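Below, each chain spelled out in residue letters.
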Amino acid sequence: METASPPKSRALGIAQLAGSLCVIGILWLGVFPWLADQPAMSQRIKQREELGIDLGSMFYTDLEIMGEVEANLDAFKEKHPNALWNPWSEN
């Protein structure tokens, strides 16, 4: 017969939460900014900013550049109707 493991103590749960928040804080405030300052990453960030891409955007569909992307996709679909087959489409 198996015995149920005892429930976690409140102190253990608080310690785990505090540890998780510390790890997130170290990543967010230390590691990620350091990575952004590295030459390869800062070059990519600069390229995207020059394209008008807001790296903090919640939804990339809200970006101005997406209008051009959608137009190119529509033109591609018109030229190659079966290239992007979708099993759930009505056709």
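A quick note: this is a predicted structure, and the numbers were derived from the prediction, not measured.

Each value, and the rule that gives it
- Residues numbered from 1 in each chain as written.
- Predicted model: local features only at pLDDT ≥ 70, side-chain atom pairs only at ≥ 80, totals over all residues.
- Heavy atoms only, no water.
- Helix = DSSP H or I, 4+ residues; strand = E, 2+ residues; numbered from the N terminus.
- Buried < 20%, exposed > 50% of the residue type's maximum accessible area, 1.4 Å probe, protein only.
- Areas by Shrake-Rupley, 256 points an atom, 1.4 Å probe, with all protein chains shown as cover.
- Phe/Tyr/Trp six-rings, centres within 6.5 Å; stacked < 30°, edge-to-face > 60°.
- pLDDT = per-residue confidence, 0-100.
- Expected span 1.5 Å × (residues − 1).
- Bend = angle between axes of the 7 residues up to and from the residue.

**Here we look at the overall build of the protein chain**
Right, on to step 1. Along its length, the protein chain carries 3 helices and 0 strands.
Right, on to step 2. Helices (α) and strands (β) of the protein chain occur, in sequence order from the N terminus, as α-α-α.
Right, on to step 3. Expressed as a percentage of the 91 residues in the protein chain, the buried residues total 4%.
Right, on to step 4. Total accessible area computed for the protein chain in this model is approximately 8,700 Å², and 61% of it derives from carbon and sulfur atoms.

**Section: the packing of aromatic side chains**
Right, on to step 1. Overall, the coordinates contain 1 aromatic pair when judged by the stated rule.
Right, on to step 2. Their ring planes at 80° and their centres at 5.9 Å tell us that tryptophan 28 and phenylalanine 32 sit as a pair that is edge-to-face. A residue pair is termed a helical-turn pair when its members lie 3 or 4 positions apart in one helix, as tryptophan 28 and phenylalanine 32 do in helix α1 (residues 10-36) at 4 residues.
Right, on to step 3. Given a relative accessible area of 39%, phenylalanine 32 falls into the partly exposed group.

**As for the confidence of the model for the protein chain**
Right, on to step 1. For the protein chain, per-residue confidence averages 83 on the pLDDT scale, and residues scoring 70 or more make up 80% of the total.
Right, on to step 2. Of all the helices and strands in the protein chain, helix α3 (residues 65-79) carries the lowest mean pLDDT, 86, while α1 carries the highest, 94.

**Focus on the environment of glycine 52**
Right, on to step 1. Tracing the sequence through the fold places glycine 52 in the loop between α2 (39-50) and α3.
Right, on to step 2. Given the relative accessible area of 51%, glycine 52 is considered exposed.
Right, on to step 3. Sequence separation of glycine 52 and glutamate 64 is 12 residues, and the distance between their C-alpha atoms is 7.6 Å.

**A short note on α2**
Right, on to step 1. End to end, α2 covers 16 Å across 12 residues, agreeing with the expected 16 Å (1.5 Å per residue, within 8%).
Right, on to step 2. Of all 12 residues in α2, 0 are buried, a share of ten percent or less.
Right, on to step 3. Directly after α2, the chain includes glycine 52, whose backbone phi takes a positive value near 85°.

**Some thoughts on α1**
Right, on to step 1. The end-to-end C-alpha separation of α1 is 38 Å, in line with the 39 Å expected for 27 residues at 1.5 Å each.
Right, on to step 2. Leucine 27 marks where α1 bends most, by close to 35°.

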